[in-house]
Amino acid sequence: MKKLIPLLLAVCLLITPMMGKVFADDQVQAVIPDSFPQADTTDIVFSAGSVPADSALLDGIQLPIHALMLSMTEHEQCYDIQSPDFVWTGLYYALSMYGEADDRAQLTQDALLLPSESVYDFARALFAQLEKLPQIPAPLTGFINYETTTDIYRLSLGDFAQTQLLLGELAPQADGSFVLDGTLNALEDSTPLCSFRVILQENDTMFGFSVVDVSLD
């Protein structure tokens, strides 16, 4: 069973993209499987005053949510699964920040190597309604590439900037979905970077939930 290394969400790290080696390979569309085995997760430390009533349910999905908020904020993007740039930018952030914690990952001197199954797990968490991964946009091929012969994704390594994710209560809705409000702050001085609302659906996947939609304030 896949496991995530213990992480303190109160001191989260953003990988700022840094130009790395370009791995030239053919791009392919990958079909995301319907489900994957549920992963074991570990307790997350919340900041004071921000512990959700159902915090145990959020131990896994907080990680891709954090990456997605950073990606959307830095690149001024709306949640749009029809946009290959949005999909792969969000995936790059999530995989760069938390992919190494997946026991299927391999780390080299200049790259993080992840099997396609691992990438699909993160994609399912970030994009509940995405059926296929689009081709990686050309501007991102300096950061992430797919090797068809090995079925491996290569991510260039990046520098880190510190941010803090604060989450409210997980609110169940009549249609079976969940609403989660939160804020993303700079860690050094607590400057607010964005506030957001995430719509989630619960499922039997690696992170326990998938993101259906996101709105930023």
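Everything below is about the structure shown above.
Quick caveat: nothing in here was measured; it's all calculated off a predicted structure. (Residues numbered from 1 in each chain as written. Predicted model: local features only at pLDDT ≥ 70, side-chain atom pairs only at ≥ 80, totals over all residues. Heavy atoms only, no water.)

A. Quick look at the packing of helix α2 (residues 84–98) against helix α3 (residues 116–126). Orientation of α2 relative to α3, taken along the N-to-C sense of each, is 120°, at an axis distance of 10 Å. What the angle tells us is that α2 and α3 run oblique. Crossing geometry of α2 relative to α3 is assigned as right-handed. Contacts from Trp 88, Gly 90, Leu 91, Ala 94, Leu 95 and Tyr 98 of α2 reach α3 at Val 119, Phe 122, Ala 123 and Leu 126. Residue composition of the contact of α2 with α3, grouped by class: nine nonpolar, one polar and no charged. (Axes fitted to C-alpha atoms, helices over the stretch in contact; angles between N-to-C directions. Helix = DSSP H or I, 4+ residues; strand = E, 2+ residues; numbered from the N terminus. Parallel < 35°, antiparallel > 145°, perpendicular 65-115°, else oblique. Left-handed = near helix turned anticlockwise from the far one by under 90°. Contact = heavy atoms within 4.5 Å. Nonpolar A, V, L, I, M, F, W, Y, C, P; charged D, E, K, R; others polar.)

B. Inspection of the sheet that holds strand β4 (residues 111–115) at higher detail. Read across the sheet, four strands follow the order β3-β4-β7-β6 without closing on themselves; strand pairing throughout is antiparallel. Edge positions in the open sheet fall to β3 (106–107) and β6 (144–147), since each of these has one partner strand only. Pairing of β3 with β4 involves two bridges; the strand directions are antiparallel. Within the sheet, the bridge partner assigned to Leu 107 lies in β4 and is Leu 112. Where α3 meets the sheet, it contacts β4 and β7 (152–156), and its direction lies at approximately 85° from that of β4. (Pairing = 2+ DSSP bridges.)

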